[in-house]
2 protein chains.
Amino acid sequence: MGASKTEHFTDEQNAIATLSKALGHPARVAIMEYLIKVDTCICGDIVNKLPLAQPTVSQHLKELKNAGLIKGSIEGNAICYCIDEKELTKLQSYFANISDKLEKKKSNCC
Amino acid sequence: MGASKTEHFTDEQNAIATLSKALGHPARVAIMEYLIKVDTCICGDIVNKLPLAQPTVSQHLKELKNAGLIKGSIEGNAICYCIDEKELTKLQSYFANISDKLEKKKSNCC
DNA sequence: TAATTATATTGCAATATTACGATAAAGATT
DNA sequence: AATCTTTATCGTAATATTGCAATATAATTA
């Protein structure tokens with residue numbers, strides 16, 4: 001059908017999937033990396049850095065914002081975007097936890 | 001147009017996006033978690049665990065395999081899937097690195 | 001070798017994503 | 001107030017994803 005059956009999975013599984021999906025496009029990875037690198041983070045700078053049209057970048061920013069990975073604040077005429085660390089930390093600790101489990105298991109299945 | 005302009009981004013950005021995208025569906029997150037939890041990992045078990053039809057699960061397994069996150073080996077009649085740690089480690093260290101950078105920066109932008 | 005079991009593939013419908021031109025909205029500047 | 005600058009939204013086309021029934025493939029067993 002095209003729509004995920006999210007209701008059948010745990011909240012954590014859905015949360016991790018949502019965050020991962022938000023980073024599932026190179027432009028959005030590039031935006032995150034840019035925001036981490038610079039401290040000034042005006043939307044127009046991001047548009048200039050990326051090889052995409054302004055509406056497309058705006059859409060990608062919206063998706064990152066919806067996922068909670070970035071936040072934006074009005075800066076006069078412009079909008080200042082920056083990383084929202086909370087969700088990123090969630091992802092980071094999730095993967096750290098998984099790696100830890102695998103490390104301990106020393107899986108020899110396949 | 002609908003197709004990502006992957007050629008404009010770095011290899012690492014594309015790699016992280018591909019891995020993230022593969023985990024961008026709760027069913028695939030659930031599959032990964034199941035494979036981490038159990039040591040026996042026959043495809044049929046996964047199908048039974050998930051609230052999805054067999055062809056759908058097969059498709060999700062294929063995507064995880066294409067991304068390099070799991071590998072499968074023929075086990076007589078059945079197929080044994082398990083985690084391929086290499087790519088997962090790549091993701092884990094990527095996020096660890098990002099978190100580290102943010103930690104050091106103590107960003108006070110927004 | 002026929003039937004069974006396990007998994008993959010095909011085909012298709014429903015929906016989502018990606019991209020961008022045109023345009024709107026809102027503050028800044030003249 | 002008219003214009004400029006900056007960002008968001010709308011509309012739309014191209015493509016991708018999700019899901020499953022039907023079917024194919026391949027090893028196993030009777």
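I will try to describe carefully the structure that is included in this document. (Residues numbered from 1 in each chain as written. Chains lettered and ligands numbered in written order. Predicted model: local features only at pLDDT ≥ 70, side-chain atom pairs only at ≥ 80, totals over all residues. Heavy atoms only, no water.)

1. Here we look at the nonpolar core
Then, in step 1: I46 and L69 of chain A together with I46 and L69 of chain B are the most contacted members of the largest nonpolar core, which has 72 residues in total.
Then, in step 2: If we ignore the near neighbours within four places in the chain, the residues touching I46 of chain A are I31, Y34, L35, V57, L61 and Y81 of chain A. (Core = buried A, V, L, I, M, F, W, Y, C linked by side-chain atoms within 4.5 Å. Buried < 20%, exposed > 50% of the residue type's maximum accessible area, 1.4 Å probe, protein only. Contact = heavy atoms within 4.5 Å.)

2. Considerations on helix α5 (residues 85-105) of chain B
Then, in step 1: Here α5 of chain B is 21 residues long and its end C-alpha atoms lie 30 Å apart, about the 30 Å a rise of 1.5 Å per residue gives.
Then, in step 2: Among all positions in α5 of chain B, only E87, L88, L91, Q92, Y94, F95, I98, S99 and L102 of chain B are buried. Seen end-on, α5 of chain B carries its buried residues on one side only, within an arc spanning 155°. Facing away from the buried side of α5 of chain B by over 90 degrees, the exposed positions are K86, E103 and K104 of chain B.
Then, in step 3: In this fold, the buried residues of α5 of chain B make contact with α2 (26-37), β2 (78-83) and α5 (85-105) of chain A together with α1 (11-22), α2 (26-37) and β2 (78-83) of chain B. (Helix = DSSP H or I, 4+ residues; strand = E, 2+ residues; numbered from the N terminus. Expected span 1.5 Å × (residues − 1). Arc of directions from axis to C-beta.)

3. So, the packing of aromatic side chains
Then, in step 1: Taken as a whole and judged by the stated rule, the model has 3 aromatic pairs over all chains.
Then, in step 2: Ring plane angle 80° and centroid distance 5.6 Å describe the contact between Y94 of chain B and F95 of chain B, whose orientation is recorded as edge-to-face. In this pair, the class of Y94 of chain B matches that of F95 of chain B, namely buried.
Then, in step 3: An aromatic cluster of three or more residues is present, and its members are Y94 and F95 of chain A together with Y94 and F95 of chain B. (Phe/Tyr/Trp six-rings, centres within 6.5 Å; stacked < 30°, edge-to-face > 60°.)

4. What to know about the relation of the copies chain A and chain B
For these two chain copies, the linking operation is a rotation about an axis paired with a shift along it.
Then, in step 1: When chain A is fitted to chain B, the best match, at an RMSD of 0.0 Å, comes from turning it 180° and sliding it 0.0 Å along the axis. One copy is carried onto the other by what is essentially a two-fold rotation axis. (Least-squares fit on C-alpha atoms with pLDDT ≥ 70 in both.)

5. Observations concerning the interface of chain A and chain B
You'll often see interface size given as the accessible area lost when the parts meet.
Then, in step 1: Between chain A and chain B, the residue contacts involve 49 residues of the former and 49 residues of the latter.
Then, in step 2: Note on chain A versus chain B: buried area summed over both sides is about 4100 Å², and carbon and sulfur give 69% of it.
Then, in step 3: Summed over the shared surface of chain A and chain B, the result is 0 salt bridges.
Then, in step 4: There are 8 residue pairs in polar contact (both at pLDDT 80 or more) connecting chain A and chain B.
Then, in step 5: Of all the elements in the fold, those that place two or more residues in the side of chain A that touches chain B are α1 (11-22), α2, β1 (70-75), β2 and α5 of chain A.
Then, in step 6: Split into classes, the residues belonging to the side of chain A that touches chain B amount to 27 nonpolar, 12 polar and 10 charged. (Buried area = accessible area lost by both parts, 1.4 Å probe. Salt bridge = Lys/Arg side-chain N within 4 Å of Asp/Glu carboxyl O. Polar contact = N/O pair within 3.5 Å; in protein donor to acceptor, adjacent residues only side chain to side chain. Nonpolar A, V, L, I, M, F, W, Y, C, P; charged D, E, K, R; others polar.)

6. Some thoughts on the packing of α5 of chain A against α5 of chain B
Angle between the axes and distance between the axes: these two values describe a pair of packed helices.
Then, in step 1: Close contact between α5 of chain A and α5 of chain B brings their axes to 9 Å; oriented N to C, the two are set at 140°. Put simply, α5 of chain A runs oblique to α5 of chain B. In the packing of α5 of chain A onto α5 of chain B, the handedness of the crossing is left-handed. Residue-level inspection shows E85, L88, L91, Q92, F95, A96, I98, S99 and L102 of chain A of α5 of chain A in contact with α5 of chain B, the latter providing E85, L88, L91, Q92, F95, A96, I98, S99 and L102 of chain B. (Axes fitted to C-alpha atoms, helices over the stretch in contact; angles between N-to-C directions. Parallel < 35°, antiparallel > 145°, perpendicular 65-115°, else oblique. Left-handed = near helix turned anticlockwise from the far one by under 90°.)

7. Some words on the pattern of salt bridges
Then, in step 1: For the structure shown, the criterion picks out 6 salt bridges over all chains.
Then, in step 2: D100 of chain A is paired through a salt bridge with K104 of chain A; the nearest N and O atoms lie 3.1 Å apart. You can see D100 of chain A and its partner K104 of chain A sitting in helix α5, 4 residues apart, about one turn around the helix.
Then, in step 3: For E87 of chain B, the salt bridge identified is with K90 of chain B, shortest N-O distance 3.3 Å. You can see E87 of chain B and its partner K90 of chain B sitting in helix α5, 3 residues apart, about one turn around the helix.
Then, in step 4: Judged by its relative accessible area of 37%, K90 of chain B is partly exposed.

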